[in-house]
Amino acid sequence: MKRIKSTILYGLLVASSGLLVTSCADKLDLSPIDYYGSGSYWKTEAQATAYIDGIHKHLRDAAWQHTITFGELRGGRFITGASSDGMGVSNGDIILQNFDETHTGVSKFGDLFGRITNLNLFIARVTDATYLSDEMKNFYLGEVYGLRAFYYFDLYRIYGGVPLRLTADDRMPTRCTPGVRRRVLRSVVERVRAQINS
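Residues numbered from 1 in each chain as written. Predicted model: local features only at pLDDT ≥ 70, side-chain atom pairs only at ≥ 80, totals over all residues. Heavy atoms only, no water.

Caption draft 1: The nonpolar core, seen in detail. I55, F113, F122, V144, L155, Y159 and V162 are the most contacted members of the largest nonpolar core, which totals 31 residues. Mapped onto this core, the elements with two or more residues apiece are helix 3 (45-61), helix 5 (92-95), helix 6 (112-126) and helix 7 (134-159). Of all the elements, helix 7 adds the most residues to this core, at 9 residues. (Core = buried A, V, L, I, M, F, W, Y, C linked by side-chain atoms within 4.5 Å. Buried < 20%, exposed > 50% of the residue type's maximum accessible area, 1.4 Å probe, protein only. Helix = DSSP H or I, 4+ residues; strand = E, 2+ residues; numbered from the N terminus.)

Caption draft 2: Expanded view of the confidence of the model for the protein chain. When pLDDT is averaged across the protein chain, the result is 77; 73% of the residues are at 70 or more. Averaged pLDDT values for the elements of the protein chain fall to 60 in helix 2 (residues 25-28) and rise to 92 in helix 3. (pLDDT = per-residue confidence, 0-100.)

Caption draft 3: Seen up close, the packing of helix 3 against helix 7. Taken N-terminus to C-terminus, the directions of helix 3 and helix 7 make an angle of 20°; their axes are 12 Å apart at the nearest point. Judged by the angle between their axes, helix 3 and helix 7 are roughly parallel. As helix 3 runs across helix 7, the sense of the crossing is left-handed. For the pair helix 3 and helix 7, the contacting residues are E45, T49, I52, I55, H56, H58 and L59 in the first and M136, Y140, E143, V144, L147, F150 and Y151 in the second. Looking at the contact of helix 3 with helix 7, its residues break down into 9 nonpolar, 3 polar and 2 charged. (Axes fitted to C-alpha atoms, helices over the stretch in contact; angles between N-to-C directions. Parallel < 35°, antiparallel > 145°, perpendicular 65-115°, else oblique. Left-handed = near helix turned anticlockwise from the far one by under 90°. Contact = heavy atoms within 4.5 Å. Nonpolar A, V, L, I, M, F, W, Y, C, P; charged D, E, K, R; others polar.)

Caption draft 4: Layout of the pattern of salt bridges. Taken as a whole, this structure holds 3 salt bridges when the rule is applied. When the shortest N-O distance is used, the salt bridge between K57 and D61 registers 2.6 Å. Here the residue K57 and the residue D61 both occupy positions in helix 3, the gap between them amounting to 4 residues, near one helical turn. Classification of D61 as partly exposed rests on a relative accessible area of 44%. D154 is the partner of R157 in a salt bridge, and the nearest nitrogen-oxygen pair spans 2.8 Å. Note that R157 and D154 are positioned in helix 7 at a spacing of 3 residues, about one turn of the helix. Residue R157 is classed as partly exposed on the basis of its relative accessible area of 30%. D154 gets classed as buried once you look at its relative accessible area, which sits at 2%. (Salt bridge = Lys/Arg side-chain N within 4 Å of Asp/Glu carboxyl O.)

This is the structure we're talking about:
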């Protein structure tokens, strides 16, 4: 009787350890449902469309900076120094167009490189996507290439030349010497001509 109990107990122990040792990785290997990660995004047309909406929001967010900071303040209409009531006038470096390594006018190139990185990420993820029709893919890529050129136009208009970023890396450029500026400008012109001709 004791031997039967121990055999049954031993059999149950082996069976239960077999269940515990069995892998259930296929049942537990789930992607998160409460947020998107790099592995779960870029899978549907809706996600690409939502990303384009975010890119357009970034463009609207920078409207003041583009129009006023990088435009009107530099147009010769505003004064520097003190106003009529003796208060100091803001944005003196921008009004005087005093842009160099120590006087940038705005911090981090106005975060335009962050926006350019987002555009480059879209280009990298959507160029070979199979979930978009060729018509939609070309439409979206046309918008993104145009916005990237617009942001580079702003950067070139302000700083006279900036590092050219054509990949989605997140390194922030720090400085750009005159020789680099000339090479970047030539590179941009050659690249635009090649893309127009293709």
